[in-house]
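What the coordinates show
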Amino acid sequence: MSRTVLLNPGPVNVTDRVRQALMLPDLCHREKEFTDLMAAIRAKLLRAFDIEEEYTSVLVSGSGTAALEMAVSSSLSPGRSMLVIQNGVYGERIGKICDIYQFNRHTIKLSWGEPPNLEDIEKELKENPDIEVVALVHHETTTGLLNPLKEVGELARRYEKIYLVDCISSLAGDEIDFKSIDIAVGTANKCIQGFPGVSFVLLRKKDLERLRKIPERTLYFDLTGYHKAQEKGGLLFTPAIPAYYALDVALDELIEETVQGRVQRYANAAKFLRAGFKDIGLEFLIPEGWRSNCLTGLRLPEGVSYEKLHAELKGNGFVIYAGQGILSDNIFRIANMGDINQEEFQRFLKELKTIC
Ligand SMILES: *Cc1c(COP(=O)(O)O)cnc(C)c1O
């Protein structure tokens with residue numbers, strides 16, 4: 001029997017090599033075996049993205065949102081504000097984290113799938129010197145829109161702001177220019193091709209001094225507290241051990257494939273799928289030129305409900321993904337993250353065509 005192909009944006013299909021890493025003997029996380037593994041993962045993350053010189057990394061157990069909450073809650077100095085750009089669920093999530101921590105925030109709120117206007121961002125930066133951090137979601141997984149990472153980053157740099165980017169669904173899937181990024185958030189189980197349970201923050205070493213002055217606001221998600229412990233080869237809380245072992249192997253594979261190679265593989269897969277969607281006559285949510293390499297948002301065809309589409313595809317071994325919130329009745333999403341081969345993509349398009 002063939003395996004289930006996951007066309008949802010994480011967790012993703014992993015290779016057998018990554019899966020085998022889960023077969024572990026009993027072990028204690030405070031022993032050298034595990035602290036060595038953590039050090040190796042932290043170094044491999046920086047090596048994979050070629051940012052060893054200027055960045056450091058922090059690992060946290062939990063899904064991507066754990067690292068996101070850690071980065072957002074720990075990066076704003078008292079009395080300053082965060083500028084949050086929102087055009088989907090995940091931008092709104094950053095706003096929600098700000099609200100929970102009672103941060104002052106300025107918000108550029110757009111409709112889902114609408115790209116931000118750089119002049120509007122510049123206006124906010126010019127008018128509000130209280131802004132210290134600019135937060136953006138790189139790939140807004142709600143729609144498949146790729147936000148203008150570099151352009152917003154150049155603005156943040158020009159106005160001397162800290163640039164915090166949720167790269168959870170784009171790291172290793174879309175091209176990322178780290179030059180303007182100060183804090184990047186990622187997870188093991190999307191384009192990195194590991195298992196869920198561990199996520200991470202990549203941050204500039206030169207920002208550590210500023211970050212350390214920020215009072216601790218959370219016990220479990222204190223960024224500099226984790227950094228300090230991990231630098232010493234220690235850790236604060238019990239980690240999700242198997243997920244770390246799998247991430248270590250997933251990073252070996254990423255370094256072998258190279259980030260560039262993986263980004264290209266995903267771009268090729270998206271191109272192939274999109275040609276198929278077009279051939280079926282499906283309508284795209286995001287115009288060409290704004291789409292990520294990792295996910296395609298499509299309108300549901302007339303007379304086909306998401307439930308029917310999902311059930312029929314699942315019966316044939318493919319898991320697709322619904323729209324979120326206001327888009328849940330109108331769209332469906334097809335991700336091409338993970339270890340999926342060409343034959344599987346071909347078979348998927350054939351099944352989809354039959355149903356549509
Ligand atoms: C997946 C995702 C997250 C985190 O979701 P989790 O369920 O916590 O892993 C955050 N931001 C974006 C853009 C995502 O795609």
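Note: the structure precedes this text.
Reference entry: report on the structure contained in this document. (Residues numbered from 1 in each chain as written. Predicted model: local features only at pLDDT ≥ 70, side-chain atom pairs only at ≥ 80, totals over all residues. Heavy atoms only, no water.)

1. Let's talk about the sheet that holds strand β9 (residues 183-187)
Across the sheet, seven strands lie side by side as β2-β10-β9-β8-β5-β3-β4; this open sheet has mixed pairing. With one partner strand each, in any of the chains shown, β2 (55-61) and β4 (104-109) form the two edges of the open sheet. Between one strand axis and the next, the sheet turns through 20° on average, direction left out of account. Bridge count between strand β5 (residues 131-137) and strand β8 (residues 162-166): five bridges; the pairing is parallel. Along β8, the bridge assignment pairs Val133 with Ile162. Relative to the sheet, helix α4 (residues 89-100) contacts β3 (81-86), β4, β5 and β8, its axis offset from that of β3 by approximately 155°. (Pairing = 2+ DSSP bridges. Helix = DSSP H or I, 4+ residues; strand = E, 2+ residues; numbered from the N terminus. Axes fitted to C-alpha atoms, helices over the stretch in contact; angles between N-to-C directions. Contact = heavy atoms within 4.5 Å.)

2. Comments concerning the side chain of Thr142
Of note, Thr142 is situated in the loop between β6 (139-140) and β7 (145-146). Reaching out from Thr142, the side chain makes a polar contact with the side chain of Glu140 at a distance of 2.6 Å. (Polar contact = N/O pair within 3.5 Å; in protein donor to acceptor, adjacent residues only side chain to side chain.)

3. Here's the deal with the side chain of Glu132
One can find Glu132 in strand β5. When residues no more than four places from it in sequence are discounted, the contact partners of Glu132 are Ser75, Leu76, Ser77, Arg80, Ser81, Lys161, Ile162 and Arg210.

4. A closer look at the packing of helix α11 (residues 306-315) against helix α12 (residues 342-355)
Between α11 and α12, whose axes approach to 10 Å, the crossing angle comes to 140°. If you check the angle between α11 and α12, you find them oblique. Like other packed secondary-structure pairs, α11 and α12 cross with a definite hand, here right-handed. When α11 is examined against α12, the residues Leu309, Glu312 and Leu313 are found in contact with a partner set consisting of Phe348, Glu351, Leu352 and Ile355. (Parallel < 35°, antiparallel > 145°, perpendicular 65-115°, else oblique. Left-handed = near helix turned anticlockwise from the far one by under 90°.)

5. What about the packing of aromatic side chains?
Each aromatic ring pair is characterised by the separation of its centres together with the angle its planes make. Inspection of the entire model under this criterion finds eleven aromatic pairs. Here Lys190 stacks its cationic end above the ring of Tyr90, 5.9 Å away from the centre of that ring. The ring of Phe284 carries Arg291 above its face, with NZ or CZ at 4.1 Å from the centroid. (Phe/Tyr/Trp six-rings, centres within 6.5 Å; stacked < 30°, edge-to-face > 60°. Lys NZ or Arg CZ within 6 Å of the ring centre and 35° of its normal.)

6. As for unusual backbone geometry
Here the bond from Gly10 into Pro11 is cis, since omega is -10°, no more than 30 degrees from zero. Relative to the helices and strands, Pro11 resides in the loop between β1 (5-6) and α1 (16-20). At Asp50, a residue that is not glycine, the phi angle is positive and equals roughly 55°. Checked against the element boundaries, Asp50 lands in the loop between α2 (32-48) and β2. Using a relative accessible area of 65% as the deciding quantity, one classes Asp50 as exposed. Residues other than glycine seldom take positive phi values, yet Thr258 does so here, at roughly 70°. Here Thr258 is to be found in the loop between α9 (241-257) and α10 (259-280). Under the relative-accessibility criterion, Thr258 is labelled partly exposed at 35%. (Buried < 20%, exposed > 50% of the residue type's maximum accessible area, 1.4 Å probe, protein only.)

7. Observations concerning the pattern of salt bridges
Scanning the entire structure with this criterion turns up 24 salt bridges. As a salt-bridge pair, Glu127 and Lys123 come within 3.6 Å of each other at their nearest N and O atoms. Of the two residues, Glu127 and Lys123 are both situated in helix α5 (residues 118-127); the distance of four residues between them amounts to about one turn of the helix. Among the ionic contacts, a cluster of salt bridges with common partners joins Glu54, Arg157, Asp182 and Arg204. (Salt bridge = Lys/Arg side-chain N within 4 Å of Asp/Glu carboxyl O.)

8. Some thoughts on the environment of Leu202
Considering the arrangement of structural elements, one finds Leu202 in strand β10 (residues 198-204). Leu202 sits in the buried class, given a relative accessible area of 0%. Placed 145 residues apart in sequence, Leu202 and Ser57 show a C-alpha to C-alpha distance of 4.6 Å. Once residues lying within four places of it in the same chain are set aside, the contact partners of Leu202 are Leu45, Leu46, Ile51, Tyr55, Thr56, Ser57, Leu171, Phe178, Asp182, Ile183 and Ala184.

Nothing here speaks to function; it is geometry throughout.
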